[in-house]
Structure formats: structure tokens, C-alpha cells
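In case you want the letters, here they are:
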Amino acid sequence: MPVKDQKEITGHAVRAMYLYTGAADVAVNNGDTGYMNAMKTVWEDVIHRNMYITGGIGSSGSNEGFSQDFDLPNENAYCETCASVGMVFWNQRMNALTGESKYIDILERSLYNGALDGLSLSGDRFFYGNPLASIGRHARREWFGTACCPSNIARLVASLGDYIYGKSENGIWVNLFVGSSTNIKLGNTEIPTSIETNYPLDGKVKISMNPANKTKYALHIRIPSWTTNEPVAGNLYRYLTDYQSNITFTVNGKKVDYKTDKGYAIIEREWTAGDVVSFTLPMDVRKVVAREELKQNNERVALQRGPLVYCVEGVDNDGKAWDFILPDNAKFTETNQQVLTEPVVAIQTDATTFKPTTDGQALKPEKKRITAVPYYVWCNRGNTQMQVWLPRKVKDVMLNY
Ligand SMILES: [Zn+2]
């Protein structure tokens with residue numbers, strides 16, 4: 001079907017992402033609204049019906065691509081690394097074409113979760129498929145006969161700098177919060193710009209700008225959708241309980257007013273060398289549930305902190321990640337930990353497991369303190385059980401895995 005007539009995401013996931021990335025580039029060059037309209041429609045089909053919470057796509061291994069709407073199995077997820085890399089490419093184009101932050105929200109999700117999971121912390125082992133649950137039989141490999149994923153994730157990580165900033169004729173856009181420095185030129189004015197942050201370990205962000213001359217322009221800072229009541233763009237996922245946050249922006253320590261448009265906070269003023277914009281994104285642990293059509297996630301909850309999706313891994317939890325339920329009133333403790341050399345904020349909470357009574361005739365509930373870590377670091381400490389979607393009901397507990 002001609003691209004302009006397409007309304008649904010179908011077929012091979014990676015090829016689709018490359019096709020739409022190319023189509024978006026053509027739309028920019030030719031101002032062709034036919035391509036734009038088709039891609040907006042297909043994008044809606046992806047995020048409302050066909051995307052994992054990790055930003056991964058393409059659930060089916062048989063065609064390396066899409067199957068039915070809402071068919072997103074966890075343990076058997078195909079969810080190829082390259083498809084998440086393609087989501088980054090495509091969503092960057094969509095953002096540049098429309099100026100809408102929702103595309104960067106998805107880009108960030110795919111980048112930090114679905115794509116990054118494809119790469120080991122040591123940088124030399126790779127996942128082709130990225131499951132959201134495992135009974136311990138998954139492991140990253142050194143190489144593949146069809147070695148698209150290793151090279152694709154390598155070039156993505158190497159190109160990270162291309163995704164942080166954007167600019168328009170009279171504006172600077174901060175899309176990702178990554179410690180970095182660059183030189184942005186607006187008109188004839190050079191504006192050295194840098195970001196200092198530990199995000200996503202914490203939510204503090206400091207943007208410094210040093211325009212050569214006093215210059216009036218608008219600074220657009222993305223307000224991630226997960227800081228509003230929308231854990232992910234689209235209606236596949238929602239917070240278990242409503243959530244609102246307020247972000248305060250300061251310039252040189254003084255609170256400033258800002259407009260919002262298309263998901264960005266916009267601070268427009270005459271900027272001078274040494275100006276510093278500061279803000280803190282709320283990094284609370286949030287419980288996310290999926291819409292009912294995602295059967296495998298029914299009566300389950302996923303944990304999210306900032307842009308990171310979490311998982312429970314056997315290696316942190318007495319070898320088992322399937323033997324508990326997470327009560328809806330569970331309270332969380334956040335701790336700084338290391339997974340190998342990777343600093344992470346781990347989440348701990350009291351779950352409930354079940355032990356046989358002494359006569360072996362029944363099961364009795366028992367407290368189990370569990371630890372969750374960011375999804376992207378799983379499977380770096382040996383083959384181990386893992387779950388992203390944690391059971392809320394006893395029927396989904398698997399004691400003998
Ligand atoms: Zn691949």
C-alpha cells in the first residue's frame with residue numbers, strides 16, 4: 001500500500017520504522033502533507049494499540065513484526081532492539097516536523113528502556129529480542145548471524161548527542177536531559193549551552209547559556225508526559241492512582257513564569273551570558289496499569305520512576321521473580337545501588353509470597369521484601385528470572401518457577 005494511504009502499523013517492525021523515518025525526511029524536504037498525515041495516523045495506531053510500556057514494538061517473532069492490535073505478550077515478546085532504535089529515529093523526525101513533545105516522550109521511553117536493554121552493561125553482549133518477563137532462559141549474546149542489533153544499538157549510543165537539543169529560528173529546545181555541552185547558533189549569535197544533571201538518577205536539571213551578546217529568544221523545555229497524569233503518551237497505560245505535579249522553573253535562582261505549548265515550558269526573555277535555568281522533575285515511584293485489552297497485564301502493575309520502567313529480577317530476590325503479589329497499598333523505598341558498575345536507584349517494597357504449612361496441606365502468606373531495578377540493567381548478573389508486570393492477584397503467582 002502506498003505510504004500516504006497507510007493507516008495502521010503492519011508487517012516487519014524494523015522496516016516500518018526505517019520507512020517512516022525516510023517518509024518523514026521526504027515530508028520535510030517537500031512539505032508533503034500527505035506523508036505527514038499518514039504518519040500521524042500510523043503513529044496513533046502504534047501508541048494506542050501496539051506498543052510495550054518499554055517503548056518496544058513488534059511483538060511477534062514469526063514475522064519480526066506486528067500481529068493483532070493489543071497482542072503484546074511479555075515472556076514471548078519479540079520486541080527487537082532495532083525496532084526500538086527505529087522508534088528513536090522516527091519519533092525525532094515527528095518531533096522536528098510538528099514541535100510536539102509527545103514524540104520525544106516516546107523517543108525517551110524507547111531509548112532508555114526498549115533500546116538500551118539490547119546492550120549489556122559491559123557493552124559487548126546483545127539482545128535481539130527484549131522480553132518483559134523471563135523464567136531465566138534469556139541471555140544476551142556476543143553476536144548474531146543477522147547482526148543488525150549490535151551495530152544498530154552501537155550507532156544509537158554513539159549518536160546520543162543528536163537527540164538532546166533542537167533549535168528553530170528564534171528558539172532553543174531542550175528535549176532530553178543529559179549532561180552535555182554544545183554551541184547553538186541563532187541568527188549570528190553563538191550560544192554555548194550546557195546541561196548539568198544526574199537524570200534519571202534524580203530529577204535536578206541545570207541549563208546554562210552563554211550568548212555572546214544579549215539575545216532575545218525562547219527556551220523550550222520538554223515537560224515529560226509522565227510528570228502529568230499520563231505515564232506514557234497514548235491510552236494503553238495509566239497510573240493506578242491519579243497523579244499531578246507542579247514543576248517550578250527558576251532563572252538565576254528566581255522563580256520565573258512560563259507559557260506551555262505542545263508539551264514544552266517556554267521561557268522567553270533577553271538572555272545574557274551566565275544565565276542558569278534550574279528545575280526539578282518529580283521522580284516518584286509510580287504504579288502503572290494497562291488497559292483491559294492487554295490480557296497478559298490484567299490485574300498486574302508495572303513500576304515506573306521518571307522515564308525508567310522497572311523490573312524485579314531473581315538475582316536480587318532469592319532467585320525468584322514470580323513468587324509474590326504486590327499489594328496495591330505497597331509503599332516504596334528508594335536506595336542508591338550499583339548493578340555491576342552501573343549506579344541505579346533501586347526500589348524496595350514489601351510483597352507477599354506463599355509458603356507451604358508444615359503439614360504440606362495449605363499455603364500461608366509470608367512477607368517478602370523485594371527489590372526492583374531499572375529494566376535496562378536486567379540480565380547482567382547471570383541468567384535470572386524477571387518480570388516487569390507484577391501480579392496483584394494470587395492466581396498469577398508461580399511458586400515453582
Ligand atoms: Zn536487529
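Keep in mind the model is a prediction, meaning the values are calculated, not measured.

Turning to the overall build of the protein chain, a few remarks are in order. For the protein chain, the helix and strand inventory stands at five helices and 22 strands. For the protein chain, the C-alpha radius of gyration of 22 Å lies close to 21 Å, the compact-globule estimate for 401 residues. In terms of its C-alpha atoms, the protein chain occupies a principal-axis envelope of roughly 80 × 55 × 40 Å. Each of the 401 residues in the protein chain was classed as buried or not, and the buried ones make up 55%. Long-range contacts, defined here as pairs at least 24 residues apart, represent 65% of the contacts in the protein chain between residues at least 6 apart. When the accessible surface of the protein chain is split by element, carbon and sulfur atoms take 47% of a total near 17200 Å². One finds the centroid of the 43 positive side-chain charges in the protein chain at a distance of 3 Å from the centroid of its 44 negative side-chain charges.

This brings us to the sheet that holds strand β13 (residues 275–280). Reading across the sheet, the six strands line up as β4-β5-β6-β13-β9-β10 and stay open at both edges, with antiparallel pairing between neighbours. Sheet topology places β4 (180–186) and β10 (254–255) at the edges, where each strand pairs with a single neighbour. As paired elements, strand β5 (residues 189–197) and strand β6 (residues 204–209) share five bridges and run antiparallel to each other. By the bridge assignment, Ser194 is partnered in β6 with Ser208.

A word on the packing of helix α3 (residues 81–98) against helix α5 (residues 148–158). The contact between α3 and α5 brings their axes to 9 Å, and the two run at 35 degrees. For the pair α3 and α5, the crossing hand works out as left-handed. Each of Thr81, Cys82, Val85, Val88 and Phe89 in α3 lies in contact with α5, whose residues at this interface are Cys148, Cys149, Asn152, Ile153, Arg155 and Leu156. Along the lines of polarity and charge, the residues of the contact of α3 with α5 split into eight nonpolar, two polar and one charged.

Right, let's get into the nonpolar core. Across soluble globular proteins, nonpolar side chains have a tendency to be buried as a group. If you look at the biggest cluster of nonpolar residues, it comprises 129 residues, and the most contacted ones within it are Ile53, Trp90, Tyr237, Val277, Phe279 and Val388. When neighbours within four sequence positions are excluded, Trp90 is seen to be in contact with Met17, Tyr20, Thr21, Met39, Val42, Trp43 and Val46.

This part is about the domain arrangement of the protein chain. Assigned domains of the protein chain: these are domain 1 (3–155), domain 2 (164–223 + 246–280) and domain 3 (285–396). One C-alpha centre belongs to domain 1, the other to domain 3; they are set 26 Å apart. Contacts between domain 1 and domain 3 engage 28 residues on the former and 28 residues on the latter. Buried surface at the junction of domain 1 and domain 3, summed over both partners, amounts to about 2400 Å²; 60% is from carbon and sulfur atoms. Viewed at the interface, domain 3 and domain 1 are joined by zero salt bridges. For the side of domain 1 that touches domain 3, the secondary-structure elements that each account for two or more residues are α4 (102–115) and β1 (133–135). Broken down by element, the residue count for the side of domain 1 that touches domain 3 peaks at four residues, all from α4. For the side of domain 1 that touches domain 3, a count of residues per class yields 13 nonpolar, ten polar and five charged.

What follows is about the coordination of the zinc ion. Bound to the zinc ion are the protein donor atoms Glu80 (OE), Cys82 (SG), Cys148 (SG) and Cys149 (SG), situated 2.0 to 2.3 Å from the metal. Classification of the site at the zinc ion as tetrahedral follows from its four donor atoms and the range of 99 to 120 degrees in their angles at the metal. Mapped onto the sequence, the residues coordinating the zinc ion show the spacing E-x1-C-x65-C-C.

What follows covers the pattern of salt bridges. The tally for this structure, following the rule as stated, stands at 24 salt bridges. The salt bridge partner of Lys102 is Glu44, with a shortest N-O separation of 3.7 Å. One end of the pair, Lys102, is in helix α4; the other, Glu44, is in helix α2 (residues 33–49), and 58 residues separate them in sequence. The residue Glu100 makes a salt bridge to Lys102 at a minimum N-O spacing of 3.5 Å. A residue is classified by how much of its surface remains accessible, and Lys102, at 25% relative accessible area, is partly exposed.

Right, let's talk about the sheet that holds strand β12 (residues 264–271) for a bit. With mixed pairing, the five strands of this open sheet are ordered in space as β2-β3-β7-β12-β11. The outermost strands of the open sheet, each flanked by one partner alone, are β2 (165–168) and β11 (259–261). Taken over all neighbouring pairs, the strand axes of this sheet differ in orientation by 30 degrees on average, direction set aside. Bridging between strand β3 (residues 171–174) and strand β7 (residues 215–222) involves four bridges; their strand directions are parallel.

For a regular strand, side-chain orientation follows a simple rule: the groups alternate between the two sheet faces. Strand β16 (residues 308–313) sits mainly inside the fold: six of its six residues count as buried. Direction of pairing for strand β15 (residues 300–305) relative to β16: antiparallel, over a ladder of two bridges. Within β16, the residue paired with Gln304 across the bridge is Val309. Following β15, the chain reverses through two residues before pairing antiparallel with β16; Gly306 in that reversal takes a positive phi of roughly 60 degrees. Note: β16 against strand β20 (residues 363–374), three bridges, orientation antiparallel. Across the sheet, Cys311 pairs through a bridge with Val373, a residue of β20. Pairing of β16 with strand β21 (residues 385–387) involves two bridges; the strand directions are antiparallel. Bridge pairing links Val312 to Gln387 in β21.

Thresholds applied
Each chain carries its own residue numbering, running from 1 in the written order of its sequence. For this predicted model, a pLDDT threshold of at least 70 governs which residues receive local features, and a threshold of 80 or more governs which side-chain atom pairs are given and counted, while totals over whole chains, interfaces and linings are taken from all residues. Side-chain measures were taken over the full set of non-hydrogen atoms in the model, leaving aside hydrogen atoms and water. Think of it this way: any DSSP run of H or I at least four residues long counts as a helix, any run of E at least two long counts as a strand, and we number them from the N terminus. We take the radius of gyration over the C-alpha atoms and set the globule estimate at 2.2 Å times the residue count to the 0.38 power. Partly exposed residues are those whose accessible area sits between 20% and 50% of the maximum for their type, while under 20% is buried and over 50% is exposed, using a 1.4 Å probe and protein chains only. Throughout, a contact is declared for two residues whenever any of their heavy atoms are within 4.5 Å. Reported accessibility uses the Shrake-Rupley method at a 1.4 Å probe radius. Residues are deemed covered only where the shown protein chains occlude them. The charged-residue count follows a simple rule in which Lys and Arg add positive charge and Asp and Glu add negative charge, with His and chain termini not counted at all. Taken as the charge location is NZ of Lys, CZ of Arg, CG of Asp or CD of Glu. At least two bridges found by DSSP between two strands is the condition for calling them paired. The axes used here are C-alpha line fits, helices contributing only the stretch in contact, and every angle between their N-to-C directions lies in the interval 0 to 180 degrees. Each crossing is labelled by how the near helix is turned from the far one, with a counterclockwise turn of less than a right angle marking it left-handed and a clockwise turn marking it right-handed. Three residue categories are used. Nonpolar comprises Ala, Val, Leu, Ile, Met, Phe, Trp, Tyr, Cys and Pro, charged comprises Asp, Glu, Lys and Arg, and polar comprises the others, including Gly. What we call a nonpolar core is a set of buried Ala, Val, Leu, Ile, Met, Phe, Trp, Tyr and Cys residues that are connected through their side-chain atoms within 4.5 Å. Each domain's limits were defined by an automated method or a database of domain assignments. Summed over both partners, the accessible area lost on bringing two parts together, with a 1.4 Å probe, is the buried area. Put simply, a salt bridge is a Lys or Arg side-chain nitrogen that is within 4 Å of an Asp or Glu carboxyl oxygen. Here the term donor refers to an N, O or S atom within 2.8 Å of the metal (or 3.2 Å for Na, K and Ca), and because water is left out of the atoms, sites may appear incomplete. Any site counts as irregular unless it has four donors with all angles between 85 and 135 degrees, making it tetrahedral, or four or six donors with opposite ones more than 155 degrees apart and the rest between 65 and 115, making it square planar or octahedral.

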